[in-house]
Structure formats: C-alpha cells, structure tokens
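If you want the building blocks of each chain, they are given just below.
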Amino acid sequence: MRRDIFQAIADPSRRAIITLIAIQAMTPNALAEHFDISRQAVSKHIRILDECRLLKKEQLGREIYYHLDPQKMKEVADWIEPFRELWEVKFNQLDQVLQNLKKKK
Amino acid sequence: MNTIYQMSFEVDKVNNKINVKREFNSSVEHVWAAWTRPELLDQWWAPKPYKARTKTMDFRVGGMWLYAMVGPDGQEIWCKANYLAIEDQKSFSGRDAFCDEHGVATDDFPGSTWNTSFKPLGEATLVEIEIDYKNLSDLEKIIQMGFKEGFTAALGNLDELLNA
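These lines cover the structure that appears in this document, whether it is placed above or below.

Analysis parameters
- Residue positions within a chain follow its written sequence, with the count starting from 1.
- Chains carry letters and ligands carry numbers; both start at the beginning, A for chains and 1 for ligands, and go up in the order they are written.
- Under the rules for a predicted model, residues below a pLDDT of 70 receive no local features and side-chain atom pairs below 80 are neither given nor counted, while totals for whole chains, interfaces and linings still include all residues.
- Secondary structure elements are defined from DSSP: runs of H or I of at least 4 residues count as helices, runs of E of at least 2 residues count as strands, and each element is numbered from the N terminus.
- With C-beta atoms placed from the backbone, a residue is buried if 20 or more other C-beta atoms are within 10 Å of its own, exposed if 12 or fewer are, and partly exposed between those counts.
- Whether two residues are in contact depends on their C-beta atoms, placed from the backbone: they are in contact if these lie within 7 Å.
- Angles here are taken between N-to-C directions and fall from 0 to 180 degrees, while the axes themselves are lines fitted to C-alpha atoms, restricted in helices to the stretch in contact.
- Oblique is the label for any angle not covered by the other classes, which are roughly parallel (under 35 degrees), roughly antiparallel (over 145) and roughly perpendicular (65 to 115).
- Residue polarity is assigned by list, with Asp, Glu, Lys and Arg as charged and Ala, Val, Leu, Ile, Met, Phe, Trp, Tyr, Cys and Pro as nonpolar; anything else, Gly included, falls into the polar class.

## Here we look at the overall build of chain A
1) Next: Per the secondary structure count, chain A includes five helices and two strands.
2) Next: Listed by position from the N terminus, the elements making up chain A come as α-α-α-α-β-β-α.
3) Next: By the burial criterion, 21% of the 105 residues in chain A qualify as buried.
4) Next: In chain A, the share of contacts with a sequence separation of at least 24, taken over all contacts with a separation of at least 6, comes to 56%.

Structure follows, in structure tokens:
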C-alpha cells in the first residue's frame, strides 16, 4: 500500500509517537509504555510510520531503536507552512481590530 | 495587557480537513462582530500586504459576502462566501470560492466548506475553524496560486523594513 506522510500525522497516537521519538530513539516496548492502547496497536502505528518512511531503525543487540527521520517531517511543515502563516498573520491583525473595539467602548 | 496566544493548526489529510484554533482576548460579542461585519472584516481578513475590500455582504443563511483581496500592486482577487448556517454568537458555516467581481464562481480553483465556532472562555473567546476540502491537493493549489508568492514576498518586504 502506498502511504504518504499525511497519513502518518492524521492519527493522534501516531503524532504522539512522533513527538516521543523526536526527542530520543526508542524501542517498541519503551514506546508502548507511554500508551494505554495495546502493544499490538502501538506496533501497528509504528508499522504505518515505517511505511510512511518516517522512521530510521537501528539495531542494538536484540533491540530495535526507532529514530525520527527529520527530513521527512520537514516535507509536511514546508508544504503547510505558508497556509499556517497566513492564518497567523490574519489573527494578529484581528487582535488589533479587537483591541480597537475595546477602546471605543 | 498583551497576551500572546498560541494558534493550533492541525491537518487531517485522511479526512481532508484543517482545524485551526485560536483564543482572543475579547468578548464573544466583539469577536463575533469582527467575523461578521464587513467594515471590521475588511480591516483584518486579508493577510498583509493584501487588503480585503467588501463589495456586498448579506450575513444571512443563503446570503453572500462578495469581496476582493487587493494586492499592493492593485491586483484584485475576487472571493465570495456563501452562508449555509448561522447560529447567532455561536457559529456560522459557509462555502468559499474564487469568483469574478459579480460573484460568479470560477471553476479553475477549488473552494472549501468551513465552520467557525465561538466559545466564551472567561473574558476571552475561543474560535475554532474547521475547513473541509474536497481534496487537500486543492489546498496545495490555492497555496501555489499566489498567496505563497504574495505572502513570501510580504515577509521579504517586512525583513527589508526591519533592516532599513
């Protein structure tokens, strides 16, 4: 199945996994401890993230450690950034309008 | 009082949705007015250096807001919003499209459906916008269409101003 980066970030558990392994490489077991969902469910999320090619794997002894591939994440950020910035600018302008409304009262 | 509010901006590519949340340091009454009155919308709706200029606005279910985004070179991008549902001071939803100056939609660029809701949070107001696209690739098109250039150029201008 062809997957893209946006499928990776569409799910809250996967976003949480991304956040965790962005800080440090983790084994699947260590990751699973952070979630209330079953280990199988965590494994499934890891598999999807892997299929989205977001993960880098490192074998240390018997354990596999997962890292985040920051370049892949940047693709999402780059793509959506202009739109996000657009809203941010608009909202800052709106703050100003609201402040003026308050003063008039 | 200066409060810096964090905006939340989430993309749900599976459902082709974008969810934006932001708190404003004002009453629901004021925030609602800023979103629904043309003379106020014109002051903030277009991201700098664009300016929004309302031609007509009929804020009723079935009504339309017809406006232009005017660029620094005077170039006009005509847009319209058709209001689909309104719950006073709570939420309103509608459909956006690019159009000509008479409000006739142009097919070449895709529109979106959105719902904007307002919730009081003490003295402040939480605004939540959910935007639905037929495809998120539509959004890519919109970004590519010019806001990206216009916007990046605007930031460039700002850099120049700040460095001057």
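Right, picking up where we left off after that structure.
## Remarks on the interface of chain B and chain A
Interface size is commonly expressed as the accessible area that is lost once the parts come together.
1) Next: At the interface, 24 residues of chain B touch 22 residues of chain A.
2) Next: Secondary structure elements with two or more residues in the side of chain B that touches chain A: strand S1 (8-12), strand S2 (17-24), helix H1 (28-36), helix H2 (38-44) and helix H3 (136-163) of chain B.
3) Next: At five residues, the largest contribution of residues to the side of chain B that touches chain A is made by H3(B).

## So, unusual backbone geometry
1) Next: Residue Lys48(B) is joined to Pro49(B) through a cis peptide bond whose omega torsion reads 10°.
2) Next: The residue Pro49(B) is located in the loop between H2 and strand S3 (51-57) in this model.

## Re the packing of helix H2 (residues 12-23) of chain A against helix H4 (residues 39-51) of chain A
All names here are of chain A.
1) Next: Running from amino to carboxyl end, H2 crosses H4 at an angle of 75°, the nearest separation of the two axes being 10 Å. The angle between H2 and H4 places the two elements in the roughly perpendicular class. Residue-level contacts link Ser-13, Arg-14 and Ile-17 of H2 to His-45, Ile-46, Ile-48 and Leu-49 of H4.
2) Next: Class assignment of the residues belonging to the contact of H2 with H4 gives a composition of four nonpolar, two polar and one charged.

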